[in-house]
Amino acid sequence: MIVDAQDLVLGRMASFVAKTALKGENIVVVNAEKALVSGKKDDIIRRNMAKLNIKNKGNFTKGPYHQRRPDKYVRSAIKGMLPHQKPRGIEAFNNIMVYIGFPKEVIEKDLKIQVSKEEVVKPPHLSKNLDKYVTVGELCTSIGGRY
């Protein structure tokens, strides 16, 4: 299943993808940088900048790891919706691929899926009319990410 994340609320989309992956389906999320995070732009950026100051002072190699690329940011949001320390959660997480943009050639080559035949899903219940929002791409750029 291919899910187009453009204009979908990040949390709703992440929970939908997590539930579908737990059922055993392979899922590809495209246009990750165009997913929406609801709220005031300044507040969201301030919260994410504050997270960057959290560090492990004992051993920096043990995390926490802060994602700054949109595809990894969305993937970590999906991971938060899964029981990622149990075998079924690990298996479901391995069945999820997230891409910036819509790389048809990469999907066809790596995953052996014909994009023209495969229907791109954009569930209507995952979008919402938002007055205040920021896209994941803008958020990641403002916290120092480059993509």
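Everything that follows concerns the structure shown earlier in this document.
It should be emphasised that the depicted structure is a prediction, and the values quoted were computed from it without experimental measurement.

A.B. asks: Looking at this structure, I do not really get the overall build of the chain. What am I missing?
C.D. replies: The secondary structure content of the chain amounts to six helices and six strands. When the 147 residues of the chain are sorted by exposure, 39% land in the buried category. Here the contacts in the chain between residues at least 6 apart in sequence split such that 77% fall between residues at least 24 apart. Per element, the accessible surface of the chain, about 9,200 Å² overall, is 49% carbon and sulfur. Seen as two clouds, the 27 positive and the 15 negative side-chain charges of the chain have centres 10 Å apart.

A.B. asks: Can you walk me through the environment of I107 in this structure?
C.D. replies: Looking at the element boundaries, I107 is found in helix α5 (residues 104–111). With relative accessibility at 0%, the residue I107 sits in the buried group. Between the alpha carbons of I107 and V28 there is a distance of 8.4 Å; along the sequence they are 79 residues apart.

A.B. asks: Looking at this structure, I do not really get the sheet that holds strand β1 (residues 2–4). What am I missing?
C.D. replies: In sheet architecture, strand pairing relies on hydrogen bonds along the backbone and comes in two forms, parallel and antiparallel. Read from one edge of the open sheet, four strands run β4-β2-β1-β5, paired in parallel fashion. Only two strands of the sheet have a single neighbouring strand rather than two, namely β4 (96–98) and β5 (120–121). As paired strands, strand β2 (residues 27–30) and β4 are joined by three bridges and run parallel to one another. In the sheet register, I27 faces β4, and the bridge partner there is I96.

A.B. asks: Please clarify how the nonpolar core should be interpreted in this entry.
C.D. replies: When a protein is soluble and globular, its nonpolar side chains tend to lie buried together. Counting 30 residues, the largest nonpolar core has L10, M13, V17, V29, V74, I78 and V136 as its most contacted members. Every element with two or more residues in this core is listed here: α1 (10–22), β2, α2 (41–52), α3 (70–80), α4 (87–94), β4 and α6 (136–142). In terms of residues, this core owes the most to one element, α1, which gives seven residues. Ignoring anything within four residues of it in the chain, the contact list for M13 reads V3, A5, L8, V29, V74 and L126.

Criteria and thresholds
- Sequence order as written defines the numbering, with residues in each chain counted from 1.
- In keeping with the model being predicted, local features are shown solely for residues with a pLDDT of at least 70 and side-chain atom pairs are shown and tallied solely at 80 or more, while totals for entire chains, interfaces and linings include all residues.
- To get the side-chain values, take all heavy atoms of the structure and skip hydrogens and water.
- Numbering of helices and strands runs from the N terminus, with a helix taken as a DSSP run of H or I at least four residues long and a strand as a DSSP run of E at least two residues long.
- Each residue gets one of three labels from its accessible area relative to the maximum for its type: buried under 20%, exposed over 50%, partly exposed in between, using a 1.4 Å probe on protein chains only.
- Contacts are residue-level and defined by heavy atoms, with any inter-residue pair within 4.5 Å sufficient.
- Here, Shrake-Rupley sampling with a 1.4 Å probe gives the accessible areas, and only protein chains in the shown set may cover a residue.
- When charges are tallied, Lys and Arg are placed among the positive residues and Asp and Glu among the negative ones, while His and the ends of the chain are skipped.
- To locate a charge, take NZ of a lysine, CZ of an arginine, CG of an aspartate or CD of a glutamate.
- Two strands pair under a simple rule: DSSP has to find at least two bridges between them.
- In this description, a nonpolar core means a group of buried Ala, Val, Leu, Ile, Met, Phe, Trp, Tyr and Cys residues linked to one another through side-chain atoms lying within 4.5 Å.

Remember that the coordinates give geometry; whether it matters functionally is a separate question.
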